[in-house]
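# Residue-level structure breakdown
Read off the chains here:
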Amino acid sequence: MLWQPLVKIIELKHELDVVLSMFAKEACKVLSVDACSVFILDETEHTYTLSASTLVPTLRSGMIYISAKDDLLGKVALREEALIITDMSKASSYSVLQTLSRNRLQSLLAAPVVHKGEVIAIIALQLNDKDKITESLQTDVATLCANLSLPLNRAIHIEDVSEQIEDKPQSPMYFDGVSANDGVQKGIAVARYNITDIEEIPDKPTQSDDEERLFISAVKDVKESLEEMLERVTLLAGSEEAQLFEAYLQMIDSSRFYDAIIGYIRQGIWLQSAIKRVVIEQATLFEQMDEPYFVERASDIRDLGKRILLALENKILKKSHYAVDTVLVASEVTASMIAEVPKGRLKAIISEHGSSYSHAAILAKALSVPFVTSIKALPISFIDGKEVIVDAYVGRIYIQPAKGLKSAYERLIKHESQKAVELQALKDLSSTTIDGHEITLKANVGLIADLDRALSQGAAGVGLYRSEIPFMIRERFPSEDEQRIIYQQILSTFPNKPAVLRTLDVGADKTLPYFYEEEQNPALGWRGIRMLLDQSNLFLMQIRAMLKASLHHDNLHILLPMITTIEEVKEAKQLIRQAYKEVIEEGFDIDKPRIGIMIEVPAAVVLAERLIDLIDFVSIGSNDLAQYILAVDRTNEKVANLYNQLHPAMIRTLYHLVKVAKKHNKEISLCGELGGNPIATALLVGMGFDSLSMNASALLKVKQVLRSVTKKQCRNVLKQVLKLATTDEVHTYLENFLVENDLGGLIRAGIN
Ligand code: PEP
Ligand code: MG
């Protein structure tokens, strides 16, 4: 595909001007045109700056710009569509391109790069021969521009941020993202780097006088493994195929590489920064060459750099220095990065990428740590070591905050911790509305550590145990006995209360490293109950472990995820009966478990009347239900703005399900994120939910709402919300309801 190499150039992490001029040159070749110019939107001036052009090789950015009204090219911006002029001399208005090409190139094809409804750039191609503007060139350019939208927008943002940092490095700054867990905190940024992305490594001075020795020994390790690979590949595929490793070995010893790194170390530069510098210097040299062979060498250099960094990482004992008030920052914060921060030191988390439903987000919720993710162009190495404020209520982070802002936030943070103490006082009080209507509040549990938190927040049982976590952290399926021990811990923590254990719900975003097959569309694929019924031996093993774990507790509720058909429920029940019989025969004296289904799929909503007769209880998985009702991938950042569990269609669906459950006299609960969102509590109670399950950290907030409202008020909230047509209106109404009832502090620090 013609556009692919051109998009790759834009993704290179160099200065924007350099990247764009490489792009313009390459575009001429790939598209067979005589000139290419790129104009980038200047949002503040409302003009388009000529940022690269093969017509002006010595262009300095900002030298030439056009306004949409005055230049012919402006039509592209105003109409948001491509412009074709076969003879520029006859065009109705003037274009700067005529001057730049000295009227030699008479034909023009200019196309917009549009991002979120705005023309962020204009790509102008000029040709000598008008006949070359074929339909296929036009469609190629349209495809190219569509594919440039995201990477170019990102590159422009990064450039803006770097300019700001260069001009005023000490000034306060802020960045906006998406909240993955509410709260507000301040602390010192501690950056963690993903060594697969060399550019991310910060420039720092030497951290210890041991670095030259460390480097030499890491190089030795890498050379040994390369030699081994060379030998193995030569044997398997012949010396031709093994050439790559020879090239690596030569490169690693070369003065341009090895000596240059040693040189930087001796100048007092941190070892990792020294490696980054040399890798980028060398790779850039190769990338700017015309021959594809040399461009390939650039990726070899980067690969070699990563190998050395990995060897170093293995050598350096991971005693990273975490500040007592650590704000963890990374390109993509992972659950293991969070787990590495010593107990009590983690105050907040900031991530450039990642969804608010990732494992890292679930862990942050369990730990009650504010988390902002999806921050465009986050300058990670600049932030490292700086003071930051994380306001996850609005999804904003402040770097080097000004005094006034800092003290305002300090007051909010203090207010938040007072609030937490106040909430703690509710722990042993009943979860009843003012007029005595009781709602059971249970905890969602994934890690065994969540059990303590569930107890400390006064949970009335486990409403959802996500059994996949022990499967995810192993390298193989846990045995029946390993599973039994884990399940026993859960059932025995709440001996006289219900404990809902969900059967394995893997697939889509929750994959097992040892049992995974790439799928085109995993959210609609082999997940949850579908996989388990196909692999019935795994299902039976898990059910037997659950049944055996219930010995002496008899509080086991089995929950089946992703149910779509009647047959699935019948088949699963048949297997549960079989497992029960086997376990009884083995001599276990246990009660029959209660069996429930999760409603997460629209088909189950429609079939609810029929499904409900087959089971004992229903739990609504609003996370997936929203994903499938709204047709929005819950993990996709690009459509994150469309994902909202308070969408009016969701509200109607939930209400319908409650009515069906009540009609059939079946217990109904909700265990998705919505259940733990205090904004939704009155609405859910108004619908008639009498049980909610949530992350333990949300439990007391929800309890406070319950204890401050009457059932009648909740019914009125439902009535009013059912009249609203948009998600925004629903949010505003529910937020106002909390504020009017002096509960605003639950959704925003500092509000009573
Ligand atoms: C849900 O989908 O709402 C749910 C609770 O399950 P999970 O988030 O584990 O998919
Ligand atoms: Mg789910």
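Fair warning: this is a prediction, and the values are worked out from it, not measured in the lab.

Turning to the overall build of the protein chain, a few remarks are in order. Within the protein chain one finds 28 helices and 22 strands. In terms of overall dimensions, the protein chain is globule-like: its C-alpha atoms have a radius of gyration of 30 Å, near the 27 Å expected for 752 residues. Counting only residues that meet the buried cut, the protein chain has 52% of its 752 residues in that class. Restricting to contacts in the protein chain with at least 6 residues of sequence separation, those with at least 24 account for 65%. For the protein chain, the accessible surface area stands at approximately 34300 Å², while carbon and sulfur atoms represent 50% of it. Each charge sign in the protein chain was given a centre, from 83 positive and 101 negative side chains, and these centres are 6 Å apart.

The next subject is the UniProt feature "domain: GAF" (unreviewed entry) in the protein chain. Feature annotation in UniProt assigns "domain: GAF" (unreviewed entry) to the following positions: residues 15-162. Measuring from the first to the last C-alpha atom of residues 15-162 gives 9 Å, for a span that is 37% helix and 27% strand.

For the coordinates displayed, the defined rule picks out 30 salt bridges. Glutamate 480 is paired through a salt bridge with lysine 548; the nearest N and O atoms lie 2.6 Å apart. In this pair, glutamate 480 is assigned in helix H17 (residues 480-493) and lysine 548 in helix H19 (residues 536-549), connecting sequence segments 68 residues apart. Here glutamate 480 falls in the buried class, since its relative accessible area comes to 18%. On the accessibility criterion, lysine 548 (10% relative accessible area) is buried. Close ionic contact of glutamate 609 with lysine 663 constitutes a salt bridge, the shortest N to O distance being 3.2 Å.

Enumeration according to the criterion identifies 4 cavities of 30 Å³ or more in this entry. In this structure, the largest cavity is lined by Lys442, Gly463, Val500, His557, Phe617, Val618, Ser619, Glu667 and Ser669. Those elements giving two or more residues to the lining of the largest cavity turn out to be strand E20 (617-620) and strand E21 (667-670). Residue contributions to the lining of the largest cavity peak at 3 residues, all from E20. Residues belonging to the lining of the largest cavity are distributed by class as follows: 3 nonpolar, 4 polar and 2 charged.

Here the phi dihedral of lysine 116 falls at roughly 45°; this positive angle occurs in a residue that is not glycine. Mapped onto the fold, lysine 116 is located in the loop between strand E5 (107-115) and strand E6 (118-127). Residue class for lysine 116 comes out exposed when judged on its relative accessible area of 69%. A positive phi angle is found at aspartate 742, which is not glycine, with a value near 55°. Inspection of the secondary structure puts aspartate 742 in the segment after helix H28 (727-740).

Reading the values: the criteria
- Residues numbered from 1 in each chain as written.
- Chains lettered and ligands numbered in written order.
- Predicted model: local features only at pLDDT ≥ 70, side-chain atom pairs only at ≥ 80, totals over all residues.
- Heavy atoms only, no water.
- Helix = DSSP H or I, 4+ residues; strand = E, 2+ residues; numbered from the N terminus.
- Rg over C-alpha atoms; globule rule 2.2 N^0.38 Å.
- Buried < 20%, exposed > 50% of the residue type's maximum accessible area, 1.4 Å probe, protein only.
- Contact = heavy atoms within 4.5 Å.
- Areas by Shrake-Rupley, 256 points an atom, 1.4 Å probe, with all protein chains shown as cover.
- Lys, Arg positive; Asp, Glu negative; His and termini not counted.
- Charge placed at Lys NZ, Arg CZ, Asp CG, Glu CD.
- UniProt positions renumbered as here; feature names shortened; annotations may be inferred.
- Salt bridge = Lys/Arg side-chain N within 4 Å of Asp/Glu carboxyl O.
- 1 Å grid on protein atoms, 1.4 Å probe; cavity = no way out; pocket = protein on both sides within 12 Å on 5 of 7 lines; lining within 4 Å.
- Points joined across faces, edges and corners; volume = space filled by probe spheres on them.
- Nonpolar A, V, L, I, M, F, W, Y, C, P; charged D, E, K, R; others polar.

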